[in-house]
Amino acid sequence: MSYVAAEGRYGPMPYNRTGRSGLRLPAVSLGLWHNFGDDKPIETQRAILRRAFDRGVTHFDLANNYGPPYGSAEINFGHLFQQDFARYRDELVVSTKAGYDMWPGPYGDWGSRKYLLASLDQSLKRMGLDYVDIFYSHRFDPETPLEETMGALAHAVRSGKALYAGISSYSPERTREAAQILREMGTPLLIHQPSYSMLNRWIEEGLLDVLEEAGVGCIAFSPLAQGMLTDRYLGGIPKDSRAAQGKSLDPSLLTDEALRHVRTLNEIAKKRGQSLAQMALAWALRDSRVTSVLIGASSVEQLDDSLDAVNRLDFTKEELETIDKDAVESGINLWAASSSH
């Protein structure tokens, strides 16, 4: 049966301006980092994407090496896009990235012009798209001139293969440089995608100020701290969890102290009438400089729980002060090396 999007899809979801650009993004966007590779049923993927769009999620975020295997998330998304979403292309923001290892040899990694532009061509082919809305440099390359990496992004925009340029996991200093270079090239930097959560607050130490100054938006990935800020680990490590499977959450991080903080935050969420995940997403959006938060979902039920965060985005001063006592660094920033250059 062919998919027809829900008529009321533009309801409770807020849409926030991305920096000083004209583009608005949903407060909650869907990332395809996990759960859209060949290890997941395609019908589950279809159900999640349909439900997300029906609830106002207009932004789907990918990268060249999302899977597993590498490239499969883009291929699967491309199939589902052609079957379900092609008619809604102009209502969607689709992004992809290049910067981590993708293919063997010296031209399939980091930030060279050769890698980024070849990767973008491959991504468009996998997804069956003429263009992506945002193309990102996935990480800073300390051995490639920033002018070359930003020049590749500017070329992607000028060629019509991308509408906007973005960067991910760049330090405040490199972000300022990147924004200046792109501005001089006539292709403003639209957005930065950093990791950010209650347990990983590094962007508060300078990056958000740089983004505000440069008029650049911010979309936070891993706002649930790779699953720590959910009810999954309150009573231990489930067998089907990321921690148990070794997917981006090291079980050693689930210390008694870390879980004590998480349990306290869970009690605060209960008092607010929210799940811990909902409160964590709302908290990440409390700063107006954060345009959107990127969530993952392995089921429609999990997706719905996260999207319900928009039903309660306000915090009292007292709530924020209480949360601050337990919203502490927990060593989960896997991308710290990239953002420290």
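As named in an unreviewed UniProt entry, the chain is Glyceraldehyde 3-phosphate reductase, taken from Microbispora corallina. Taken directly from UniProt, the Sequence similarities (unreviewed entry) text for the chain runs: "Belongs to the shaker potassium channel beta subunit family."

1. Focus on the packing of helix α1 (residues 42-54) against helix α10 (residues 300-307)
Here α1 crosses α10 at 25 degrees, and the two axes come no closer than 9 Å. Classed by the angle they form, the pair α1 and α10 counts as roughly parallel. Remark: the crossing between α1 and α10 carries right-handed chirality. In this structure, α1 contributes A47, I48, R51 and A52 to the contact, and α10 contributes V300, L303 and D304.

2. As for the pairing of strand β7 (residues 162-168)
The buried fraction of β7 is high, at 5 of 7 residues. Two elements, strand β6 (residues 132-137) and β7, share 5 bridges in a ladder whose sense is parallel. What sits directly across from I134, in β7, is Y164. Read from β6 through helix α4 (residues 146-158) to β7, the crossover connection turns out right-handed. Direction of pairing for β7 relative to strand β8 (residues 189-193): parallel, over a ladder of 4 bridges. Paired with S168 across the two strands is Q193, which belongs to β8.

3. Side note on the packing of aromatic side chains
Enumeration according to the criterion identifies 11 aromatic pairs in this entry. Ring plane angle 75 degrees and centroid distance 5.8 Å describe the contact between F60 and F77, whose orientation is recorded as edge-to-face. Of this pair, F60 sits in strand β4 (residues 59-61) while F77 sits in helix α2 (residues 72-85), and the two are 17 residues apart along the sequence. Accessibility assignment for this pair places F60 and F77 in one class, buried.

4. What to know about the pairing of β8
Counting buried positions along β8 gives 5 out of 5 residues, so the element sits mostly inside the fold. Relative to strand β9 (residues 217-220), β8 runs parallel, the two being bridged by 2 bridges. The residue bridging I191 from the neighbouring strand is G217, located in β9.

The rules we used
- Residues numbered from 1 in each chain as written.
- Predicted model: local features only at pLDDT ≥ 70, side-chain atom pairs only at ≥ 80, totals over all residues.
- Heavy atoms only, no water.
- UniProt positions renumbered as here; feature names shortened; annotations may be inferred.
- Axes fitted to C-alpha atoms, helices over the stretch in contact; angles between N-to-C directions.
- Helix = DSSP H or I, 4+ residues; strand = E, 2+ residues; numbered from the N terminus.
- Parallel < 35°, antiparallel > 145°, perpendicular 65-115°, else oblique.
- Left-handed = near helix turned anticlockwise from the far one by under 90°.
- Contact = heavy atoms within 4.5 Å.
- Buried < 20%, exposed > 50% of the residue type's maximum accessible area, 1.4 Å probe, protein only.
- Pairing = 2+ DSSP bridges.
- Right-handed = clockwise from strand over helix to strand, strands pointing away.
- Phe/Tyr/Trp six-rings, centres within 6.5 Å; stacked < 30°, edge-to-face > 60°.

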